[in-house]
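Understanding the architecture of this molecule
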Amino acid sequence: MIKGIKRASALALFTLMMLSALLPLAACHGSKGLPEFEVPESFDTSRQYEITFWAKNDTNITQVNIYKKAIADFEALYPNIKVNLRLYTDYGKIYNDVITNISTGTTPNVCISYPDHIATYLTGKNIVVPLDGLYTDPEYGLGGSELLFDSPRIDEVVPQYIDECAIGGVHYALPFMRSTEACYINKDLVEKLGYEIPEVLTWDFVWEVSDAAMEKDADGNFLVNGQKVMIPFIYKSTDNMMIQMLRQTGGGYSTEDGEILIFNDKTKELLYSIAEHVKKGSFSTFKISSYPGNFLNAGQCIFAIDSTAGATWMGTDANHHDIAADKIIRFETVVKPIPQFDTDDPMMISQGPSVCVFNKKDPQEVMASWLFAQFLLTNDVQIAYSQTEGYIPVTTKARESGEYLEYLSLKGADNDLHYSVKIEAAELLINNIGNTFITPVFNGSASLRDAAGTLIENVTKSVRRKETVDETYMQKLFSDVNSLYRLDQRSSEGVGRKTLGRLPGTSVALLAALAGAWVLIGTAFVFTKVKKKRKKS
Amino acid sequence: MKKILALVLAAIIALAVFAGCKKTDKQDVKSEGVMTYAEYMAAEIDAEVVIEAYVQAKQSWWDNKATVYTQDKDGAYFLYNMACSEADYAKLVPGTKIKVTGHKAEWAGEIEIADATFEIEDGSYIAPAFDATAVFGTDDLIKHMNEFFTVKGAVVEGMDDGAAFWYSWDNSGEDGSDLYFKVKIGENVFTFTVESYLCDATTEVYGAVKNLKVGDTIDVEGFLYWYEGANPHITKVTVK
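Parameters and conventions
Residues numbered from 1 in each chain as written. Chains lettered and ligands numbered in written order. Predicted model: local features only at pLDDT ≥ 70, side-chain atom pairs only at ≥ 80, totals over all residues. Heavy atoms only, no water. Helix = DSSP H or I, 4+ residues; strand = E, 2+ residues; numbered from the N terminus. Buried < 20%, exposed > 50% of the residue type's maximum accessible area, 1.4 Å probe, protein only. Contact = heavy atoms within 4.5 Å. Areas by Shrake-Rupley, 256 points an atom, 1.4 Å probe, with all protein chains shown as cover. Polar contact = N/O pair within 3.5 Å; in protein donor to acceptor, adjacent residues only side chain to side chain. Domains from an automatic or database assignment. Buried area = accessible area lost by both parts, 1.4 Å probe. Salt bridge = Lys/Arg side-chain N within 4 Å of Asp/Glu carboxyl O. Nonpolar A, V, L, I, M, F, W, Y, C, P; charged D, E, K, R; others polar. Pairing = 2+ DSSP bridges. Axes fitted to C-alpha atoms, helices over the stretch in contact; angles between N-to-C directions. 1 Å grid on protein atoms, 1.4 Å probe; cavity = no way out; pocket = protein on both sides within 12 Å on 5 of 7 lines; lining within 4 Å. Points joined across faces, edges and corners; volume = space filled by probe spheres on them. Phe/Tyr/Trp six-rings, centres within 6.5 Å; stacked < 30°, edge-to-face > 60°. Lys NZ or Arg CZ within 6 Å of the ring centre and 35° of its normal. Expected span 1.5 Å × (residues − 1). pLDDT = per-residue confidence, 0-100.

A few points about the overall build of chain B
Counting secondary structure elements, chain B contains four helices and 12 strands. The buried share of chain B, reckoned over its 240 residues, is 49%. Put simply, 57% of the contacts in chain B that link residues at least 6 apart link residues at least 24 apart. As displayed, chain B offers around 11300 Å² of accessible surface, 56% of which is attributable to carbon and sulfur atoms.

See below:
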């Protein structure tokens, strides 16, 4: 089985950044944009609607089938609404396609999105529907009286997840699923090295054990696993790694309104620390080496950090594997939150898909879209989808349901639906919701996120290539990454349309001169006419 | 005598030409500072490498980065995300000779050149397909990593649900996604892929695989990509 080898698409975001810079122009070119959406008095069920839903899955057929079932169930309730599904396996590709389709006025109706991406979509006029009015609409809002399905009330959606959908104080999405990152640990190898996994994992512990695992025998085999390959610590998402390290240490990342703070001494300090372990061979990344889970399952990695939504690929008994069966090693997998700097104040990122609704000329079509988006919060969809990976439902209504609680209680009953590593990953998040955070969302926040990861990737590559990583290197790295992601060219106006402020003096003078010239031309024209008239008379 | 002398001379010239041609066919003369294929393979992972090779196929271009399948007469080189303008990408037609400077890398078992730059040189070469029919399932297969290959007389096996192919590895994709299909070569079954960046839904091979039936006997061509084992990227399928 092959999970996904489209590494190129992961790099798509950089170009999207360039595309998105043109978005405000493209979205407005030749048109005044769409009218602002206003919630209609009622939903007209006498009409037929056809809407499109762009959905992301983790290259997972079960998730695809859940989307298809959700659509079938929804269409049975609303026979006048047809939902067309378009499948994606990559957020970057959705982002790319949405931006392209904004410029042609062919956006989907409902789309799985990340708030960072929505912030870019918002640079176009009335592109994304603000949902505050719809959230609270008594008839068609969350828990509304006219709905044909059992929708959660707004107080039955985890408040923090609702807050994560707000950009500039306005809600532009519904949360759909939530995850965080987990450290999947080969307990056997940790203990073989003479260590015990602490209750709260720390960075110091992970580095120390990782460095200890690098010892080799005379034949070049690693003592800890007897193999030629051992990368003790592999991180899947280095942008998350940098973001969380900075958050945990109080290092700057960005302000709420988009001022870039990442190029600071704390970032440098973290990069030097990472470089030290890369030099020993004890750390690598997904982009450089491959999926952490593949190395973990082959006994070639001790600490594999990946999303809780990747839990079904982790561990000996995982029901998803990319490596040959004869390469899989039997070991005990322990699931822990990511390492911490302060064990008394753990912090980890909150991530996972949300759903936004795109504006259309016809408010009734938007209503049909909203109804479908809301349907994705019903218990059937929430529970089924969350069970496909280490996701958790975003509603307390689903989380506290008997069905979901029974699912959790059957942890380890089998290696499929109740696979212990997957349920432990979900529990990890349930137990740490209060310790999660998100980064500020603004137009450009997606680029900043990429830049954070690039800093780690570049340092890791440079050390492996035996380049000197010193102060001069760091200054150049900061400068290069700053330029590459155009962080030095963005303004900090945040989301929304830019206020241009007063015109510069030179512009005022030029405009005044132009106006003066037109006045003179007009005066001359009138004077000539009057003169001719006088001549005739 | 003159006639004999002329015949001998002609024979010597013909032999020299033949020998010369033969030499050119089998070996690449590398420019100064350029590694041979053997030197490239002997280089350590992460080391800087300089090679000369000929474009065989292009997988993708994105954000001024190109992913390209190249080969010289001794072996193949996979160039991942090589710096390349869109205009230069258009020049990388099959056969084009390029000099590449980058770093040797290994990703999930695939040996490749990363973070590379290139310059176009004079010369052209299209590698013949290496017949890998007898090599699949042997330890020798890895020696041909990334090469253009052919397999003859493979038999299409059913996927887990009995279908002849799937969209994506678990059938979670749709038209336009990578296609996966299984073939039996000798006694062993292998999974082949139509990589949608290399051959999208408009290509002949994509259509041919969609029309496969379990039990079809086929000849295939493709590039011997590696992902945790052989993961061939198929470019041509002929049903027999």
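Some remarks on the overall build of chain A
Within chain A one finds 21 helices and 16 strands. For chain A, the proportion of its 537 residues judged to be buried stands at 56%. In chain A, of all internal contacts separated by at least 6 residues, the share reaching a separation of at least 24 is 75%. As displayed, chain A has an accessible area near 22800 Å², and 53% of this comes from carbon and sulfur atoms.

Considerations on the side chain of Asn225 of chain A
Residues and elements named next belong to chain A. Tracing the backbone through its elements, the reader meets Asn225 in the loop between α9 (203-212) and β9 (233-235). In this structure the side chain of Asn225 is engaged in a polar contact, spanning 3.0 Å, whose partner is the backbone nitrogen of Gln227. Only 2.9 Å separates the side chain of Asn225 from the backbone oxygen of Gly299, close enough to count as a polar contact. Sequence-distant contacts of Asn225, defined by excluding residues within four places in its chain, comprise Met230, Gly299 and Gln300.

Considering unusual backbone geometry
Residue Asn126 of chain A is not a glycine yet carries a positive backbone phi of 50 degrees. Owing to a relative accessible area of 23%, Asn126 of chain A belongs among the partly exposed residues under this scheme. Look at Asp46 of chain B: it is not a glycine, yet its phi comes out positive at around 85 degrees. With respect to the secondary-structure elements, Asp46 of chain B resides in the loop between α2 (37-42) and β1 (48-62).

Thoughts on the domain arrangement of chain B
Residue and element names in this part refer to chain B. For chain B, the domain assignment lists domain 1 (37-124) and domain 2 (130-239). The distance between the C-alpha centroids of domain 1 and domain 2 comes to 23 Å. Opposite the 16 residues of domain 1 that make contact, domain 2 presents 14 residues. Regarding the contact of domain 1 and domain 2, the summed buried area is about 1300 Å², with carbon and sulfur atoms giving 57% of it. Interface area lost by domain 1 to domain 2 is led by Gln59, Tyr69 and Glu110, which between them contribute 38%. Along the contact surface separating domain 1 from domain 2 lie zero salt bridges. If you look at where domain 1 meets domain 2, you find six residue pairs in polar contact (both at pLDDT 80 or more). Mapped by element, the contributors of at least two residues to the side of domain 1 that touches domain 2 are β1, β2 (65-71), β3 (76-83) and β5 (110-124). Looking at which element gives the most residues to the side of domain 1 that touches domain 2, the answer is β1, with five residues. Grouping the amino acids of the side of domain 1 that touches domain 2 by side-chain chemistry returns eight nonpolar, six polar and two charged.

So, the sheet that holds β5 of chain B
All names here are of chain B. The mixed closed barrel is built from five strands, whose spatial order is β1-β2-β3-β5-β4. If you compare each strand with its neighbour and ignore which way they point, the axes differ by 50 degrees on average. Sheet topology note: the β2/β3 ladder contains six bridges and is antiparallel. Its bridge partner lying in β3, Val68 is registered against Leu79.

Some details on the layout of surface pockets
Empty space within the second largest pocket amounts to approximately 1400 Å³. Counting only elements with at least two residues in the lining of the second largest pocket, the list comes to α11 (265-279), β10 (283-285), α13 (292-297) and α19 (445-464) of chain A together with β4 (96-107) of chain B. The element that contributes the greatest number of residues to the lining of the second largest pocket is α11 of chain A, accounting for five residues. For the lining of the second largest pocket, a count of residues per class yields 23 nonpolar, nine polar and 14 charged.

Concerning the sheet that holds strand β8 (residues 181-186) of chain A
Residues and elements named next belong to chain A. Ordered by their spatial adjacency, five strands build an open sheet running β10-β9-β11-β8-β12, and the pairing between neighbours is mixed. The strands lining the two open edges of the sheet, one partner per strand, are β10 and β12 (333-337). Geometrically, the sheet is characterised by an average inter-axis angle of 25 degrees between neighbouring strands, direction not taken into account. Both β8 and strand β11 (residues 303-307) contribute to a ladder of five bridges, which runs antiparallel. Bridging from a neighbouring strand, Ile185 pairs with Phe303 of β11. Taken strand by strand, α9 contacts β9, β10 and β11, and its axis lies near 125 degrees from that of β9.

So, the pattern of salt bridges
Per the counting criterion, the structure on display carries 32 salt bridges over all chains. Here Lys65 of chain B ties to Asp63 of chain B by a salt bridge, and the two come within 3.5 Å at their closest N and O atoms. One network of salt bridges, in which partners are shared, links Asp150, Arg153, Asp155, Glu156 and Lys397 of chain A.

Side note on empty space enclosed by the protein
Residue and element names in this part refer to chain A. Under the defined criterion, the tally for this structure stands at five cavities of 30 Å³ or more. Volume-wise, the largest cavity comes out at about 180 Å³. Considering the residues around the largest cavity, the lining is formed by 14 residues, among which Tyr114, Pro115, Ser350, Ile438 and Thr439 are closest to the centre. Partitioning the lining of the largest cavity into residue classes produces five nonpolar, five polar and four charged. Both domain 1 (40-179 + 351-436) and domain 2 (181-350 + 440-484) contribute no fewer than three residues apiece to the lining of the largest cavity.

Observations concerning the pairing of β11 of chain A
Regular strands place their side chains on alternate faces of the sheet. All names here are of chain A. Where burial is concerned, most of β11 is hidden: five out of the five residues are buried. Judged from the three bridges that link them, β9 and β11 form a sheet pairing that is parallel. The residue of β11 that forms the bridge with Tyr235 is Ile305.

With respect to the packing of aromatic side chains
The geometry of an aromatic ring pair is captured by the separation of the ring centres together with the interplanar angle, meaning the angle of the planes. According to the stated counting rule, one finds 49 aromatic pairs over all chains in the structure shown. Here the aromatic rings of Tyr54 of chain B and Tyr125 of chain B are separated by 5.4 Å at their centres, their planes lie at 70 degrees, and the arrangement is edge-to-face. Separated by 71 residues along the polypeptide, Tyr54 of chain B in strand β1 and Tyr125 of chain B in the loop between β5 and β6 (130-131) bring together distant segments of the chain. The exposure classification of Tyr54 of chain B matches that of Tyr125 of chain B, with both residues buried. Through pairs of rings, three or more aromatic residues link up here, namely Phe43, Tyr49, Phe53, Tyr67, Phe74, Tyr78, Phe149, Phe176, Phe372, Phe375, Tyr385 and Tyr391 of chain A. A cation sits over an aromatic face here: Arg86 of chain A above Trp54 of chain A, 4.7 Å from the ring centre. Above the ring of Tyr89 of chain B, the side-chain terminus of Lys58 of chain B is found at 4.2 Å from the ring centroid.

A look at α19 of chain A
All names here are of chain A. For α19, spanning 20 residues, the distance from its first C-alpha to its last is 29 Å, which sits close to the expected 28 Å at 1.5 Å a residue. Counting buried residues in α19 gives 17 out of 20 residues, a clear majority hidden from the surface. Positioned one or two residues after α19, Lys466 has a phi angle of 65 degrees, which is positive.

Considering the confidence of the model for chain B
Residue and element names in this part refer to chain B. For chain B, per-residue confidence averages 92 on the pLDDT scale, and residues scoring 70 or more make up 89% of the total. Here residues 12-25 is a poorly scored stretch, pLDDT under 50, and it has two contacts once near neighbours within four places are set aside; other chains count. As scored by the predictor, the complex reaches a pTM of 0.88 and an ipTM of 0.88.

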